[in-house]
Amino acid sequence: MAKESGARSDTARPSSSVTTPAVRLRGAGIRFADRELWGDLDIDVVPGEFLAVLGPNGSGKTTLLKVLLGLQELSSGTAEVGGRRPHLGSHLVGYVPQQKAFDRDLPIRGRDLVRLGLDGHRWLIGLPNAAVRHRVHEAIEAVGATAYADAPIGLLSGGEQQRLRLAQALVGDPEVLLCDEPLLSLDLRRQQEAVELIDQRRRANDTAVLFVTHEINPILPFVDRVLYLVGNRWALGTLDEVLTGERLSQLFGAPIDVVRVGGRVVIAGMPDEAHGEHGAAHHHHAADDDHEPPAGRWRPWA
Amino acid sequence: MGLGDYLGLPFFQHALIAATLVAITCGLIGPFVITRGAAFAVHGVAEMSFTSAVAGLVWLHDPVLGALLGSIVMAGAIGLLGARQRERDSAIGVTLAFGLGVGIFLLGHYHGSIGSAYSILFGQILGISDDQLWLLLGVAGGVLITMLLIYRRLFFASIDPEVAEARGVRVRAIGLVFLLILSLTVTEAAQIVGTLLVLSLAITPAAAALRLSARPVAVAVFSIVFALIAADGGLLLNTQAENVSPSVFVTSISFGIYLIARVGGHWLRGRRSRPPAALGPTGP
């Protein structure tokens with residue numbers, strides 16, 4: 001894979017870049033029986049780019065990830081990951097789910113969890129294998145989890161579990177890393193650590209990152225571009241292009257103010273949807289639910 | 001009669017082979033039963049196999065065949081009734097109660113020896129015919145081959161369903177296959193220890209193994225070894241006390257191992273040093 005060097009301050013790259021885009025969507029749309037989730041989506045995500053996917057609950061952020069994982073067919077248009085149609089079990093894609101605590105009694109160590117990311121989707125029994133062990137070891141070391149990789153995973157803290165999840169997603173050396181709210185229920189410091197690890201990785205390995213989140217602030221310093229999904233409209237561009245009062249007001253069809261305070265973005269006036277800045281707030285998502293939880297009322301933050 | 005005399009008798013050889021097969025399959029699925037929260041499904045399938053065994057006795061003159069057929073129906077039913085555990089458990093409870101009633105009704109229409117019915121509930125390990133042994137061998141072989149084939153995917157789907165699905169494992173389909181394996185294994189085990197005591201082979205050894213290790217391989221090996229000790233050991237002990245049912249020994253050994261594992265596991269966990277960072281609170 002061609003390594004790009006140099007600063008990554010240039011954010012929105014032209015889609016005519018020489019390299020194959022890590023993710024390419026053309027006229028992509030998802031339509032469920034009665035409503036369009038999003039449509040006519042055109043994106044090229046270049047290798048190493050950090051794309052934040054924002055939007056209110058139910059706007060189809062998770063569905064976008066499902067399309068790229070090969071779990072969901074597009075209703076229209078095309079999707080490509082690494083130049084190919086998304087397909088299940090692709091080694092080109094790594095996936096980090098929401099932080100969700102493991103049961104204390106699960107018969108699995110962090111090391112085993114990471115290995116599942118490499119060959120857990122295969123048939124038969126995973127026999128001991130020096131090459132596999134080495135890759136797992138390296139993935140664990142890369143996220144700094146070596147010290148506790150042999151402890152039962154259920155006994156680890158949320159931050160430790162999420163590091164191991166990241167190692168699990170990266171052990172196959174994917175070209176695209178899909179993160180679905182991976183910071184939920186982590187405290188601020190663990191959030192920052194997790195995002196920094198992701199940022200290091202995409203710089204070192206040119207891994208493209210699609211980061212679905214409610215919270216732009218923890219990832220603000222690392223984001224190259226933002227995809228904002230609202231209803232069936234969307235906006236794509238740099239932070240400065242998309243996170244403006246004018247642009248968001250257009251998207252939502254309601255007056256919205258965006259304020260930058262001390263390196264943070266505060267969005268105010270969001271209609272009906274709880275979204276934006278609320279510090280280390282916890283969203284309690286229903287487990288195993290395909291859909292995002294019902295939107296809470298807008299509430300001011302302290 | 002000494003132990004040596006017993007080992008020369010065909011019925012005892014049958015019993016040992018059957019107990020070994022059942023122990024291996026039960027020990028293998030046990031850890032999955034626990035991690036998937038399917039203990040009640042085991043109980044439900046076991047008790048429903050009473051109903052289908054009686055039905056088999058009445059209509060097919062073969063309780064084992066009836067129970068095996070019934071277990072396939074039961075697996076399909078549980079699979080369709082719900083993927084979520086709470087929903088599934090209440091559905092099992094509901095059908096279980098009705099099924100037992102049907103079983104008792106059918107038993108009223110059975111005019112053979114009452115011993116056959118009794119043995120369904122408490123096991124008939126010492127009365128296994130050639131045909132039944134072959135059937136058990138076939139079932140155990142099928143269960144083992146299937147488990148070997150799907151082991152990694154089943155493990156992934158049981159531990160980490162969300163990521164497993166994202167990686168292309170068909171979590172729901174593999175759950176259905178596991179339910180079928182579980183039903184067949186449990187029904188097979190019911191022949192040995194009886195429908196009422198199946199949990200002592202399908203749950204207890206795995207529960208003991210989980211107290212001792214978090215390494216997937218070690219848990220699987222411990223679980224199988226414990227089940228073997230309980231099933232074969234119970235049978236061998238029975239030769240020294242013939243007036244006690246072998247099921248009593250099987251369940252007692254199984255329970256004894258669990259108690260030892262709990263105490264031992266507590267001691268092990270206390271001894272293992274954990275990095276302080278992992279023990280501390282998550283707060284900054």
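If you're wondering where the values come from, they're calculated on a predicted model, not measured in any experiment. (Residues numbered from 1 in each chain as written. Chains lettered and ligands numbered in written order. Predicted model: local features only at pLDDT ≥ 70, side-chain atom pairs only at ≥ 80, totals over all residues.)

1. A short note on the sheet that holds strand β6 (residues 176–180) of chain A
All names here are of chain A.
- As summarised here, the arrangement of the 6 strands in space is β5-β6-β7-β3-β8-β9, forming an open sheet in which the pairing is mixed. The open sheet has two free edges, formed respectively by β5 (93–96) and β9 (233–237), since each of these has just one partner strand. Strand-to-strand twist in this sheet, taken as the mean axis angle between neighbours without regard to direction, amounts to 15°.
- The pairing of strand β3 (residues 50–54) with strand β7 (residues 208–212) spans 4 bridges and is classified as parallel. Residue pairing in the sheet places Ala52 in a bridge with Phe211 of β7.
- Of the strands in this sheet, β5 and β6 touch helix α4 (residues 158–170), which is tilted by about 165° from β5. (Pairing = 2+ DSSP bridges. Helix = DSSP H or I, 4+ residues; strand = E, 2+ residues; numbered from the N terminus. Axes fitted to C-alpha atoms, helices over the stretch in contact; angles between N-to-C directions. Contact = placed C-beta atoms within 7 Å.)

2. Here's the deal with the confidence of the model for chain A
Residues and elements named next belong to chain A.
- Mean pLDDT over chain A: 82, with 83% of residues reaching 70 or higher.
- Looking at the elements of chain A, mean pLDDT is at its lowest for strand β11 (residues 264–268), recorded as 85, and at its highest for β7, recorded as 96.
- Within the model, pLDDT remains below 50 along residues 1–17, and this stretch shows 19 contacts once partners closer than five positions in the same chain are excluded.
- Taken together, the stretch residues 273–302 has pLDDT below 50 and engages in 45 contacts with residues farther than four places along the chain or on a different chain. (pLDDT = per-residue confidence, 0-100.)

3. What about helix α11 (residues 204–212) of chain B?
Residues and elements named next belong to chain B.
- Among the 9 residues in α11, 9 count as buried, and that is most of the element.
- Along α11, the residues that are buried comprise Thr204, Pro205, Ala206, Ala207, Ala208, Ala209, Leu210, Arg211 and Leu212.
- On the buried face of α11, the contacting elements are α2 (10–35), α10 (199–202), α12 (216–238) and α13 (246–271). (Buried ≥ 20, exposed ≤ 12 C-beta atoms within 10 Å, placed from the backbone.)

4. Structural notes on the nonpolar core
- Of all hydrophobic cores here, the largest spans 167 residues; its most connected members are A:Leu68, A:Leu210, B:Val42, B:Leu182, B:Val198, B:Leu201 and B:Ala202.
- With 13 residues, the top contributor of residues to this core is α2(B).
- Ignoring anything within four residues of it in the chain, the contact list for A:Leu210 reads A:Val23, A:Val45, A:Leu51, A:Val53, A:Leu65, A:Val176, A:Leu178 and A:Cys179. (Core = buried A, V, L, I, M, F, W, Y, C linked by C-beta atoms within 7 Å.)

5. What about the interface of chain A and chain B?
- If you look at the interface, chain A gives 36 residues, while chain B gives 30 residues.
- At the level of elements, α2 (110–119), α4 and α5 (188–205) of chain A are the ones that each hand at least two residues to the side of chain A that touches chain B.

6. Observations concerning the sheet that holds strand β2 (residues 35–45) of chain A
Residues and elements named next belong to chain A.
- As summarised here, the arrangement of the 3 strands in space is β2-β1-β4, forming an open sheet in which the pairing is antiparallel. Since the sheet does not close on itself, it has two edges, and those belong to β2 and β4 (76–81), each with one partner. Pairs of neighbouring strands in the sheet enclose a mean axial angle of 25°, with direction left out of account.
- Where strand β1 (residues 23–32) and β2 come together, 7 bridges link them in antiparallel fashion. The partner of Val23 across the bridge, within β2, is Val45.

7. A look at the environment of A:Gly231
All names here are of chain A.
- Within the secondary structure, Gly231 is located in the loop between β8 (225–230) and β9.
- A residue is classified by how many C-beta atoms lie within 10 Å of it, and Gly231, with 17 of them, is partly exposed.
- C-alpha separation for the pair Gly231 and Pro56, spaced 175 residues apart in sequence, amounts to 8.4 Å.

8. Comments concerning α2(A)
- Taking burial as the measure, the 10 residues of α2(A) include 10 buried ones, the bulk of the element.
- Within α2(A), burial applies to A:Gly110, A:Arg111, A:Asp112, A:Leu113, A:Val114, A:Arg115, A:Leu116, A:Gly117, A:Leu118 and A:Asp119.
- Contacts made by the buried residues of α2(A) are with α3 (130–142) and α4 of chain A together with α7 (130–159) and α12 of chain B.

9. Description of the packing of helix α3 (residues 39–60) of chain B against helix α9 (residues 171–193) of chain B
All names here are of chain B.
- Where α3 meets α9, the axes come as close as 9 Å, and the angle between the chain directions of the two elements is 55°. Comparing the axis directions of α3 and α9 gives the class oblique. As α3 runs across α9, the sense of the crossing is right-handed. Side by side, α3 and α9 meet where Ala41, Val42, Val45, Ala46 and Ser49 of the first sit next to Leu182, Ser183, Val186, Thr187 and Ala190 of the second.
- Its residues assigned to classes, the contact of α3 with α9 comprises 7 nonpolar, 3 polar and no charged. (Parallel < 35°, antiparallel > 145°, perpendicular 65-115°, else oblique. Left-handed = near helix turned anticlockwise from the far one by under 90°. Nonpolar A, V, L, I, M, F, W, Y, C, P; charged D, E, K, R; others polar.)

10. Here's the deal with the confidence of the model for chain B
All names here are of chain B.
- The predicted model of chain B has a mean per-residue pLDDT of 86, with 94% of residues at 70 or higher.
- Within chain B, no element has a lower average pLDDT than helix α14 (residues 276–279), which sits at 44, and none a higher one than α11, at 95.
- Ignoring residues within four places in sequence, the model shows residues 275–284, a span with pLDDT below 50, making 17 contacts including any to other chains.
- The complex model carries a pTM of 0.84, and its ipTM stands at 0.84.

11. As for the environment of B:Ile120
Residue and element names in this part refer to chain B.
- Note on placement: Ile120 falls in helix α6 (residues 114–122).
- According to the C-beta neighbour criterion, Ile120 is buried, with 28 such atoms within 10 Å.
- When the C-alpha atoms of Ile120 and Leu268 are compared, they prove to be 40 Å apart, with 148 residues separating the residues in sequence.
- With residues near it in sequence (within four places) discarded, Ile120 still touches Phe50, Ala53, Val54, Pro63 and Thr195.

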